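# Working through the structure, step by step
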Amino acid sequence: MINNTGSASFASPGNQGLHTSPAGLAALAASARQPAAHNAYLHRYAVADAGRVRTRLYLFAYAGGSAAVFRQWPAYFDDSYELVGIQLPGRGSRMLEAAETDHRVLVRDIADALATERQPASFAFYGHSMGALLAHHVALELLRRGTGQPDCLFVSGCKPPHLARAPRRVAAMNDADFIDELRRLEGTPAALLDNAELMQLLLPTIKADFMLLDDWYQALAPEPCAELALPICGMSGRRDAHCSRDDIDGWGAHTHGPLETLEYSGGHFFLQTQEAKLVGDIRARLDMLRRGA
């Protein structure tokens, strides 16, 4: 996984479903591919009963992550909720596709995908790290198209756009130096970095993510833009060296609605270590929105 600070790690087979050989990864992509009738950006974890679904929650993973990051989340919800992962090209069931390096293309294509959905009574976005930045921009795109906006935006482990870091151009390094940089940044298991065959398979997508983030940060406006009029719930890890509670407070300048901030034990990837608490908080707030609280 690559977070919005430029550090990277990848999931082990036990916690994120990533196979450890090229053949295993290819098999995973083939087996996870959904029928052609489904939009490739929308990964459904189960077949939902449309007559019972009242709220749909779209999930945006951190850079380098796939929809599999959230595969356990549906267990925390009843059948009045449907969870849909946003699957970017170059990972998960789309691993055989080239990763996209232009954030504008991703925002446009995801908004197009959502336009094909018959939304239930309410829908919401959750994104972590780069996924939060992407969820925010998709919400803006939907608003600009006049197709509505989410009932709530959950952003975690991500500075608001006007506080984003400067680009670092790490992707321009040769492969050996790039891998050394990943090792220095921590977060990526040494066993994975030392697996030359697997890294050659993964490097194009990892580098594409770094390129996308660097270009995106350069394009972000230095001043906040409060176009949205929805509640934002900002979440941070107490030991996250890259996104503090004060940083999360800055999201309030990007909406005319209320901002709530929540803090969790752990570092940047508290969404993994504090999954039950985090998902419980999201569920509670969605329940309150249903009741008009």
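Scroll up to find the structure this text is about.
Let me sum up the structure you'll find in this document.

Rules and cut-offs
- Residues numbered from 1 in each chain as written.
- Predicted model: local features only at pLDDT ≥ 70, side-chain atom pairs only at ≥ 80, totals over all residues.
- Heavy atoms only, no water.
- Phe/Tyr/Trp six-rings, centres within 6.5 Å; stacked < 30°, edge-to-face > 60°.
- Helix = DSSP H or I, 4+ residues; strand = E, 2+ residues; numbered from the N terminus.
- Buried < 20%, exposed > 50% of the residue type's maximum accessible area, 1.4 Å probe, protein only.
- Core = buried A, V, L, I, M, F, W, Y, C linked by side-chain atoms within 4.5 Å.
- Contact = heavy atoms within 4.5 Å.
- Expected span 1.5 Å × (residues − 1).
- Pairing = 2+ DSSP bridges.
- Disulfide = S-S within 2.5 Å.
- Axes fitted to C-alpha atoms, helices over the stretch in contact; angles between N-to-C directions.
- Parallel < 35°, antiparallel > 145°, perpendicular 65-115°, else oblique.
- Left-handed = near helix turned anticlockwise from the far one by under 90°.
- Nonpolar A, V, L, I, M, F, W, Y, C, P; charged D, E, K, R; others polar.

A separate point is the packing of aromatic side chains. Under the defined criterion, the tally for this structure stands at eleven aromatic pairs. On the basis of an interplanar angle of 80° and a centroid distance of 5.4 Å, the ring pair of Tyr-62 and Phe-269 is categorised as edge-to-face. Of this pair, Tyr-62 sits in the loop between β2 (55-60) and β3 (81-86) while Phe-269 is found in the loop between β7 (259-264) and α9 (270-273), placing the two residues 207 residues apart along the sequence. Just as Tyr-62 is buried, Phe-269 falls in that class too. Through pairs of rings, three or more aromatic residues link up here, namely Tyr-58, Phe-60, Phe-123 and Phe-125.

By size, the foremost hydrophobic cluster in this structure holds 39 residues, and its most contacted members are Tyr-58, Phe-60, Ile-110, Phe-125, Leu-134 and Val-138. Elements supplying a minimum of two residues to this core: β2, β3, α3 (103-115), β4 (122-128), α4 (130-145), β5 (152-156) and α7 (196-219). At nine residues, α4 tops the list of elements feeding residues into this core. The contact partners of Phe-60, leaving out residues within four places of it in the chain, are Phe-70, Ile-86, Ile-110, Phe-125, Tyr-126, Gly-127, His-128, Gly-131, Leu-134, Ala-135 and Val-138.

Counted at 1.5 Å a residue, the expected span for helix α10 (residues 275-291) with its 17 residues is 24 Å, and the 24 Å between its end C-alpha atoms agrees. Regarding α10, the residues found buried are Glu-275, Leu-278, Val-279, Asp-281, Ile-282, Arg-283, Arg-285, Leu-286 and Asp-287. In the segment just after α10, Gly-292 is the residue with positive phi, at about 75°.

Next up on the list: the pairing of β2. The element β2 is extensively covered by neighbouring structure, given that six of its six residues are classed as buried. In terms of strand pairing, β2 meets β3 through six bridges, oriented parallel. When the sheet's bridge partners are listed, Tyr-58 is paired in β3 with Val-84. Across six bridges, the pairing between β2 and β4 is parallel.

Before going further, it helps to spend a moment on the state of the cysteines. Evaluated as defined, the whole model comprises zero disulfides. Free cysteine Cys-152: the closest other cysteine sulfur is in Cys-233, separated by 6.1 Å. Between Cys-158, a free cysteine, and Cys-243, which holds the nearest cysteine sulfur, the sulfur-to-sulfur gap is 6.5 Å.

For Tyr-41, the position within the fold is in the loop between α2 (22-32) and β1 (42-44). Between the C-alpha atoms of Tyr-41 and Ser-93, which are 52 residues apart in sequence, the distance is 9.8 Å. When sequence neighbours within four positions are dropped, the list of residues in contact with Tyr-41 reads Gly-85, Ile-86, Gln-87, Leu-88, Pro-89, Arg-94, Leu-106, Asp-109, Ile-110 and Ala-113.

With that out of the way, let us pick up the packing of α3 against α4. Two elements in contact, α3 and α4, have axes whose closest approach is 9 Å; the angle formed by their N-to-C orientations is 60°. In terms of axis orientation, α3 runs oblique to α4. For the pair α3 and α4, the sense of crossing is right-handed. Contact residues: Leu-106, Val-107, Arg-108, Ile-110, Ala-111, Asp-112 and Leu-114 in α3; Leu-134, His-137, Val-138, Glu-141, Leu-142 and Arg-145 in α4. Residue classes in the contact of α3 with α4 are distributed as eight nonpolar, one polar and four charged.

Just distances and angles here, no functional claims.
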